[in-house]
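Chains, contacts and geometry: an overview
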Amino acid sequence: MAGLVDRFGRKHTDLRISVTDRCNFRCQYCMPAEGMVWLDRSHVLTFEEIERVARILVEGAGVRSIRLTGGEPTVRARLPVLVRKLAVLDVDLSMTTNGATLGLMADDLRAAGLNRVNISLDTLDRERFKDLTRRDDLDKVLRGIDAAVAAGFSPVKINAVLMRGINHDEVVPFLTMGREKGVIVRFIEFMPLDAQGEWSADRVVAYDEILAVAGEHFDFDPVDRGSSPAERFVYRDGRGEFGIIASVTEPFCDSCDRIRLTAEGQVRNCLFALDHVDIKALLRGGANDDEVLAAVAGEVERKWAGHAIGQVHFLRPSKSMSQLGG
Ligand code: SAM
Ligand code: SF4
């Protein structure tokens, strides 16, 4: 099996699937408050189409993990049905969610075969949460985290994007919450993929700063990150671990093994890619499995060396994170 290998010899085994572009939140850094135009349903891949692409890439190209994302994946109707279809493949199946409906869905998703969940939560302060997400749902998300733990997902990870002037002072509250709830908190550097174009380098709360603040309050040791994008730190008192994803200050492009399938059926070889291949057109045009596989492999082959944030030739992609899936 040739696999999905780029021109630098990097093998790609992690598939991110956006199951919808829709969302029940409107996070400031991800979507405009008004005027988001959702894809017409006819343009969104069906469960059968998603399952077919996943099977082709798992069985024909060595994909080993699949992460469901969005938009918000839990707003896609009958999501457990899709999970059940994908769970029969030989993959680690996970999901990234805002967590607001996990209180209702965690057990069903677990029973359908979902292995792991990452929950996005950027603040533990109710007013800030309302500002950031434009929804008063902090309590629901906290209940969603508890429901995910109770349903047996392990580990449960919380992803927090830190932004200067908004939530840069929440490193310690987040770490404390992670230790209390038995979940892994991971801080993510703010990337220039915000819908409003408000990103600037001085709003990024960098890896070094996060680590310094954490070190003033907790004792921990670094551990081997393996293929994880996060630098990992384990508490010396045995109460779990936390991580930092330095996507801006220390890009992990060299070890990135991800490809993305968007809700409208585009395969993208990088979050910051300016281009894509239209897999939906192939699927709906009668292409056979080999042709679909060849198209995805060609897109991976074209992948560039890295995203070049902060360099003069960096170009923001025209899509926002909500359309790309994170
Ligand atoms: N709705 C789901 C959620 O919020 O987890 C899945 C999709 S969301 C686009 C995926 C991830 O992208 C979230 O963790 C979110 O915080 C992150 N994200 C969105 N915009 C970002 C940005 N500009 N920089 C860094 N992370 C971002
Ligand atoms: Fe929705 Fe996730 Fe984007 Fe927030 S980050 S608006 S929850 S897609």
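Quick look at the structure, then. (Residues numbered from 1 in each chain as written. Chains lettered and ligands numbered in written order. Predicted model: local features only at pLDDT ≥ 70, side-chain atom pairs only at ≥ 80, totals over all residues. Heavy atoms only, no water.)

**Quick word on the environment of Thr133**
Rules: Helix numbering and strand numbering both begin at the N terminus, where a helix is a DSSP run of H or I of at least 4 residues and a strand a DSSP run of E of at least 2. Think of it in three bands: with a 1.4 Å probe and only protein chains considered, a residue is buried below 20% of the maximum accessible area for its type, exposed above 50%, and partly exposed in between. Residue contacts are defined here by distance: any two heavy atoms, one from each residue, within 4.5 Å place the two residues in contact.
Mapped onto the fold, Thr133 is located in helix 4 (residues 126-133). When its relative accessible area of 6% is taken as the criterion, Thr133 is described as buried. Distance from Thr133 to Cys30, taken between C-alpha atoms, is 9.2 Å for residues 103 residues apart in sequence. The contact partners of Thr133, leaving out residues within four places of it in the chain, are Phe25, Arg26 and Cys27.

**Structural notes on the packing of aromatic side chains**
The following threshold applies: Between 30 and 60 degrees the pair is tilted, below 30 it is stacked and above 60 it is edge-to-face, where a pair is any two Phe, Tyr or Trp rings, Trp via its six-membered ring, whose centres lie within 6.5 Å. Charges are assigned to positions over rings by a cutoff of 6 Å between ring centre and Lys NZ or Arg CZ, combined with an angular limit of 35 degrees from the ring normal.
This model, assessed by the stated rule, comprises eight aromatic pairs. For the ring pair Phe220 and Phe233, a centre distance of 5.6 Å and an interplane angle of 70° mean the geometry is edge-to-face. Taken together, the residues span a long stretch of sequence, with Phe220 in strand 7 (residues 220-223) and Phe233 in strand 8 (residues 231-235) at a distance of 13 residues. Here Phe220 falls in the buried class, since its relative accessible area comes to 12%. Three or more aromatic residues joined by ring pairs make a cluster, and in this case those are Phe218, Phe220, Phe233, Tyr235 and Phe242. The aromatic ring of Phe153 is capped on one face by Arg110, whose charged end is 5.5 Å from the ring centroid. The ring of Tyr235 has Arg179 sitting right over it, with the charged end atom 4.5 Å from the ring centre.

**Brief notes about helix 7 (residues 207-217)**
Cut-off, in case you're wondering: Think of the arc as the fan of directions from the helix axis to the C-beta atoms.
Listed in full, the buried residues belonging to helix 7 are Tyr207, Ile210 and Ala214. All buried residues of helix 7 fall inside an arc of 70° around its axis, so they share one side. For helix 7, the exposed residues set more than 90 degrees away from the buried face come down to Asp208 and Glu216. Check the buried side of helix 7 and you find it contacts strand 5 (156-162), helix 6 (171-181), strand 6 (184-189), strand 7, strand 8 and strand 9 (241-245).

**Focus: empty space enclosed by the protein**
Defined as follows: Cavities and pockets were defined on a 1 Å grid built from protein atoms only: a cavity is a group of points that admits a 1.4 Å probe but offers it no way out, a pocket is an open group of points flanked by protein on both sides within 12 Å along at least five of seven lines, and a lining residue is one with an atom within 4 Å of any such point. Grid points are joined across faces, edges and corners, and a volume is the space filled by probe spheres set on the points. Here the nonpolar group is Ala, Val, Leu, Ile, Met, Phe, Trp, Tyr, Cys and Pro; Asp, Glu, Lys and Arg are the charged ones; every other residue, Gly included, is treated as polar.
Per the stated rule, a full pass over the model turns up two cavities of 30 Å³ or more. Of the voids in this model, the second largest cavity is the one considered here, and its volume is about 30 Å³. Together, Leu175, Gly178, Arg179, Val183, Val185, Tyr235, Arg239, Glu241 and Phe242 line the second largest cavity. Elements with a minimum of two residues in the lining of the second largest cavity: helix 6 and strand 9. Looking at which element gives the most residues to the lining of the second largest cavity, the answer is helix 6, with three residues. For the lining of the second largest cavity, the per-class residue count stands at five nonpolar, one polar and three charged.

**Here's the deal with the layout of surface pockets**
Put simply, the second largest pocket is a space of about 160 Å³. What lines the second largest pocket is simply Val19, Thr20, Asp21, Arg22, Leu39, Arg41, Val44, Leu45, Thr46, Val75, Arg76 and Ala77. A class-by-class count of the residues in the lining of the second largest pocket yields six nonpolar, two polar and four charged.

**What about the pattern of salt bridges?**
This is how the line gets drawn: By definition here, a salt bridge exists when the distance from a side-chain nitrogen of Lys or Arg to a carboxyl oxygen of Asp or Glu is within 4 Å.
Under the counting rule described, the total for this entry stands at 22 salt bridges. Close ionic contact of Glu49 with Arg284 constitutes a salt bridge, the shortest N to O distance being 2.7 Å. With a gap of 235 residues between them, Glu49 in helix 1 (residues 47-61) and Arg284 in helix 8 (residues 279-284) connect regions that are remote in the sequence. On the basis of relative accessibility, which here comes to 13%, the residue Glu49 falls in the buried class.

**Topic: the pairing of strand 8**
Short version of the rule: Here a strand pair is declared whenever DSSP counts at least two bridges between the two strands.
Inspection of the sheet shows strand 7 paired to strand 8 by four bridges, in the antiparallel sense. Each residue of the ladder has a partner; that of Phe220, found in strand 8, is Tyr235. Examined bridge by bridge, strand 8 and strand 9 share four bridges and lie antiparallel to one another. The residue of strand 9 that forms the bridge with Arg232 is Gly243. Connecting strand 8 to the next strand, strand 9, in antiparallel fashion are five residues, including Gly238 with a positive phi near 80°.

**Let's talk about the sheet that holds strand 12 (residues 277-278)**
How we decide: Each axis is a line fitted through C-alpha atoms, and for a helix only the stretch in contact is used; angles between axes span 0 to 180 degrees, taken between their N-to-C directions.
The strand order across the open sheet built from 12 strands is 7-8-9-6-5-4-3-2-1-10-11-12, with neighbouring strands paired in mixed fashion. Two strands bound the open sheet, and with one partner strand each, they are strand 7 and strand 12. As defined by bridge partners, strand 10 (residues 258-261) adjoins strand 11 (residues 266-268) across two bridges and the pair is classed as antiparallel. The residue of strand 11 that forms the bridge with Leu261 is Val267. Together, strand 5, strand 6, strand 7, strand 8 and strand 9 form the strand contacts of helix 7, whose direction differs from that of strand 9 by roughly 160°.

**So, the environment of Thr69**
Take Thr69: it is sitting in strand 2 (residues 65-69). Along the primary structure Thr69 and Glu301 are separated by 232 residues, whereas in three dimensions their C-alpha atoms are 24 Å apart.

**Describing the nonpolar core**
Filter applied, for reference: Grouping buried Ala, Val, Leu, Ile, Met, Phe, Trp, Tyr and Cys residues that are joined through side-chain atoms within 4.5 Å yields what is termed a nonpolar core.
Core analysis: the biggest nonpolar cluster contains 91 residues, and Leu57, Ile66, Leu68 and Ile158 have the highest contact counts within it. It is helix 1 that provides the largest number of residues to this core, a total of eight residues. Once residues within four sequence positions are removed from consideration, Ile66 is found in contact with Leu15, Ile17, Ala54, Val58, Leu86, Leu89, Val91, Asp92, Leu93 and Ser94. Core analysis: the second largest hydrophobic core is formed by eight residues, Leu193, Val204, Cys270 and Ala273 among them.

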